[in-house]
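Here are the chains, one letter per residue:
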Amino acid sequence: MIQLGKIQALNVVKKTDFGVYLGKEELKVLLPKKQVPEDLDIGDAIEVYVYKDSMDRIIATTKKPYITLGQLAVLEVKEVAKVGAFLDCGLEKDLLLPFKEQTYTLNAKDKCLVVQYIDKSDRLCASMKVYEHLSSDSPYSKDDRVSGFVYDIKKGLGAFVAVDNKYSALIEEKELLPSVKRGMVINARVTKVREDGKLNLSLREKSYIQMDDDAKIVFERIEAMGGRLPFTDKADAEFIKEEFNMSKNAFKRAVGRLLKEDKIVINEDSIIKK
């Protein structure tokens, strides 16, 4: 059986001047001559990927694509056209990502996490609607360090992350930093493995470890501003997050550390370097 979008071993059933046919006499696919090994003969098996060329004909290739049917991968946008975005999938023909399968606007050179599927017209396409395709049986535990791709951000929920491009994870909104954007690769810490197996992540270390780094950041900012920060830890949480890329609680802990180390003085409306 020849499977569209899959890497499979097929046998040679016919040789021609322009390539070899693989499969069975009643259902075969062409492997172009430029990809046929010299010693390949009728009856031999060869591993190929089957897709459709620019003329919508089924064709085989020995090239290994970046993505196969039902699988997830991060691909780069080569161009955006009237029908959607075309993604570099490692083959001569780019993979179509229809507009209706996009979860946010893309531009050339952007990267996106997609799953490959076959549409109603029997074409291989990509979709950014990957949530249901992510696995919840990761090998990770609390406090493990992980790397993941931010594939969506939703107000009130947070950033949705595909750890290792395949495991479902979330950075809750309260843990989210303004610097985090869709299409980013982030390094994070597992804060919780939920009952359903999905991961909760944080971009920050445990508070007692992070406090030293945060205190350093705050003190360097005070020095850069001539020794005076024109607000205190009573400032609005969103303002603090924008200014320091940290939560209000983290900022208060950092200020408390500097106060304990006798490096600052807190006035009514400012923080002063000693």
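Preceding this section is the structure that the text describes.
Let us look at the structure shown here. Quantities reported herein were computed from a predicted structural model and do not represent experimental measurements.

## Looking at helix H3 (residues 248-260)
Right, on to step 1. Taking 1.5 Å per residue, 13 residues should reach 18 Å; H3 reaches 18 Å between its end C-alpha atoms and fits that length.
Right, on to step 2. When H3 is considered as a whole, its buried residues turn out to be Ala250, Phe251, Ala254, Val255 and Leu258. Down the axis of H3, the smallest arc covering the buried residues is 135°, so these residues share one side. Turned more than 90 degrees away from the buried face of H3 sit Asn249 and Lys260, all of them exposed.
Right, on to step 3. Backbone geometry just downstream of H3 places aspartate 262 in the positive-phi region, at approximately 60°.

## Thoughts on the environment of leucine 199
Right, on to step 1. Relative to the helices and strands, leucine 199 resides in strand E15 (residues 199-202).
Right, on to step 2. Its relative accessible area of 0% is what places leucine 199 among the buried residues.
Right, on to step 3. In the structure, leucine 199 is positioned 24 residues away from glutamate 175 in sequence and 14 Å away in space, judged by C-alpha atoms.
Right, on to step 4. Not counting residues within four places of it along the chain, the set of residues in contact with leucine 199 comprises Ser138, Tyr140, Val163, Ser168, Ala169, Leu170, Val190, Lys192 and Val193.

## Structural notes on the pattern of salt bridges
Right, on to step 1. By the definition in use, this model includes 17 salt bridges.
Right, on to step 2. Overlapping salt bridges bring together Lys34, Lys63 and Glu92 as one network.

## As for the sheet that holds strand E12 (residues 158-163)
Right, on to step 1. If you trace the 5 strands once around the closed barrel, you get E11-E12-E13-E15-E14, paired in mixed fashion. Ignoring strand direction, the axes of neighbouring strands in this sheet form an average angle of 50°.

## Side note on the side chain of aspartate 152
Right, on to step 1. With respect to the secondary-structure elements, aspartate 152 resides in strand E11 (residues 145-154).
Right, on to step 2. Only 3.0 Å separates the side chain of aspartate 152 from the side chain of arginine 182, close enough to count as a polar contact.
Right, on to step 3. Residues in contact with aspartate 152, not counting those within four places in the same chain, are Gly158, Ala159, Phe160 and Arg182.

## A few points about the packing of aromatic side chains
Right, on to step 1. According to the stated counting rule, one finds 9 aromatic pairs in the structure shown.
Right, on to step 2. Relative to tyrosine 21, the ring of phenylalanine 18 lies with its centre 6.3 Å away and its plane at 85°, an arrangement referred to as edge-to-face.
Right, on to step 3. Residue phenylalanine 18 is classed as partly exposed on the basis of its relative accessible area of 49%.
Right, on to step 4. Through pairs of rings, three or more aromatic residues link up here, namely Phe231, Phe239, Phe244 and Phe251.
Right, on to step 5. In this structure, lysine 154 packs its charged tip against the face of phenylalanine 160, placed 5.6 Å from the ring centre.
Right, on to step 6. In this structure, arginine 221 is placed above the aromatic ring of phenylalanine 244, and the distance from its NZ or CZ to the ring centre is 4.6 Å.

Analysis parameters
Residues numbered from 1 in each chain as written. Predicted model: local features only at pLDDT ≥ 70, side-chain atom pairs only at ≥ 80, totals over all residues. Heavy atoms only, no water. Helix = DSSP H or I, 4+ residues; strand = E, 2+ residues; numbered from the N terminus. Expected span 1.5 Å × (residues − 1). Buried < 20%, exposed > 50% of the residue type's maximum accessible area, 1.4 Å probe, protein only. Arc of directions from axis to C-beta. Contact = heavy atoms within 4.5 Å. Salt bridge = Lys/Arg side-chain N within 4 Å of Asp/Glu carboxyl O. Pairing = 2+ DSSP bridges. Axes fitted to C-alpha atoms, helices over the stretch in contact; angles between N-to-C directions. Polar contact = N/O pair within 3.5 Å; in protein donor to acceptor, adjacent residues only side chain to side chain. Phe/Tyr/Trp six-rings, centres within 6.5 Å; stacked < 30°, edge-to-face > 60°. Lys NZ or Arg CZ within 6 Å of the ring centre and 35° of its normal.

Remember that the coordinates give geometry; whether it matters functionally is a separate question.
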